[in-house]
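Each chain, letter by letter, is given below.
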Amino acid sequence: MSKIVFFCIPAHGHTNPTLGVVRELISRGNQVWYYSYDFLREKIQSTGAVFVSCDDYDAQSKLSSKDGARIGKDLAFSTKILVDTTLSLNDKVCAEMELLKPDCIVADSMAIWGKAVALKLGIPFVCSTTTFAFNQHSAKVMKQGIGELIKMLFSIPKTAKQIKRLQEKGYPVKNVLDLISNDDNTHTVVYTSPEFQPCSETFSDKFAFVGPSIRPAVDKIKKTRNKLIYISMGTVNNNMLPFYTECIAALANTDYQVILSVGHLVSVEEFDTLPENISVFPHVDQIAVLQQADIFISHCGMNSVSESLYFGVPLVMLPQTAEQSGVAERVSQLGAGIRLDRSDAPSILVAINKIFDDPSYLENAQTLAEGFSRCSGAKGAADKIIQVCSNAE
């Protein structure tokens, strides 16, 4: 029996793929402690893990909305926030790790405090990657702009001050790349398939491409028409009333059944009388809907795209962030969806009709679904983590 500690950032999309892995580890007799945030407490505790709250140490939650918008766009600023969180957690986590003596730390690729503590205390480490794995080969395939690359390179010297703060606390890191990137010697679980991952053959055998972690459906969705179109822009940047209105205008009184999930930032009451074929909800059971859907209009979060492709559902894509743009680029490369250049009603309808008229989009989505089904899933991720624990003994 091994003692395993998980660290994650406060995000559903980064937490959800790990939950099945935690259940699998516990079912095999291992003990799991999960450091996360209170709004995720219930779902983490439901796995059987011991939940440890990090809310009092979260530097990002104390930011203004203006500063919050800089996260992910400004490398120097983002590094400062990550280092602030790491140092805030330092005394608590280091003391608890010394007492617990875990066999392994598993940390989300963005929860650098987990990796930093593992390096500092010499604890075996596994990176949990809910996006694509990146190296020089995959970055080219994802068409990372030269402007973004230059901006990142110019930001690196500005992070030296933050790295020095970590070094003064005993963290053996030389530069920001030690924290935000994994080399071929870092054990890494990637929640996608070798087929969907760009250049998967260029990664070492330390990388386990285990496929998406798909939970069972909770609800049942009734399909009332021959074709069902599902629309959701995720759980974070979903304050998109104008786009939802364009979707309704595009699909009103068509032969398609439409299910629109608008999230908590837009009220269902803001919509006038809806056409008979369109239903709007604050939230839906996405897995249940995708099991019935024929097209998914999505923001292209990695989890949402993985769930769509798992059920062989092609996508109409409107990414909102750089990470989502990378996912949309990969879907486009593999012919399983269409990226919107414009978000108006005519463009939406043209994209939908193109997917229905060209069977290759469905065929390509189903091919990716077959690749996902061949992956080892939560069991494979648990195997990797237990292997790291065993090698440390």
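Report on the accompanying structure. Values in this document were obtained by computation on a predicted structure and should not be read as measured data.

In this section: the pattern of salt bridges. Side chains carrying opposite charge are able to pair once their charged atoms draw close together. The full count for this structure, using the stated rule, is 11 salt bridges. Ionic pairing is found between Lys80 and Asp84, a salt bridge with its closest N-O pair at 2.9 Å. Of the two residues, Lys80 and Asp84 both sit in helix 4 (residues 75–100), four residues apart, roughly one turn of that helix. Among the residues examined, Asp84 registers a relative accessible area of 18% and is labelled buried.

The next point concerns unusual backbone geometry. A positive phi angle is found at Cys199, which is not glycine, with a value near 55 degrees. With respect to the element layout, Cys199 can be found in the loop between strand 6 (187–190) and strand 7 (207–209). In this structure, Asn253 takes a positive phi of about 60 degrees despite not being glycine. In this structure, Asn253 sits in the loop between helix 10 (241–251) and strand 9 (257–261).

Let us now look at the sheet that holds strand 5 (residues 125–129). What holds strands together in a sheet is hydrogen bonding between their backbones, with the strands either parallel or antiparallel. Spatially, the seven strands line up as an open sheet ordered 3-2-1-4-5-6-7, and their pairing is parallel. For this open sheet the edge positions go to strand 3 (50–53) and strand 7, each flanked by a neighbour on one side alone. Recorded for the sheet is a direction-independent mean angle of 20 degrees between the axes of neighbouring strands. Note that strand 2 (residues 31–36) and strand 3 share four bridges and pair parallel. By the bridge assignment, Tyr34 is partnered in strand 3 with Phe51. Its contacts with the sheet put helix 1 (residues 12–27) on strand 1 (3–7), strand 2, strand 4 (104–108) and strand 5, and the angle it makes with strand 2 is roughly 165 degrees.

What counts, and where the lines are drawn
- Residues numbered from 1 in each chain as written.
- Predicted model: local features only at pLDDT ≥ 70, side-chain atom pairs only at ≥ 80, totals over all residues.
- Heavy atoms only, no water.
- Salt bridge = Lys/Arg side-chain N within 4 Å of Asp/Glu carboxyl O.
- Helix = DSSP H or I, 4+ residues; strand = E, 2+ residues; numbered from the N terminus.
- Buried < 20%, exposed > 50% of the residue type's maximum accessible area, 1.4 Å probe, protein only.
- Pairing = 2+ DSSP bridges.
- Axes fitted to C-alpha atoms, helices over the stretch in contact; angles between N-to-C directions.
- Contact = heavy atoms within 4.5 Å.

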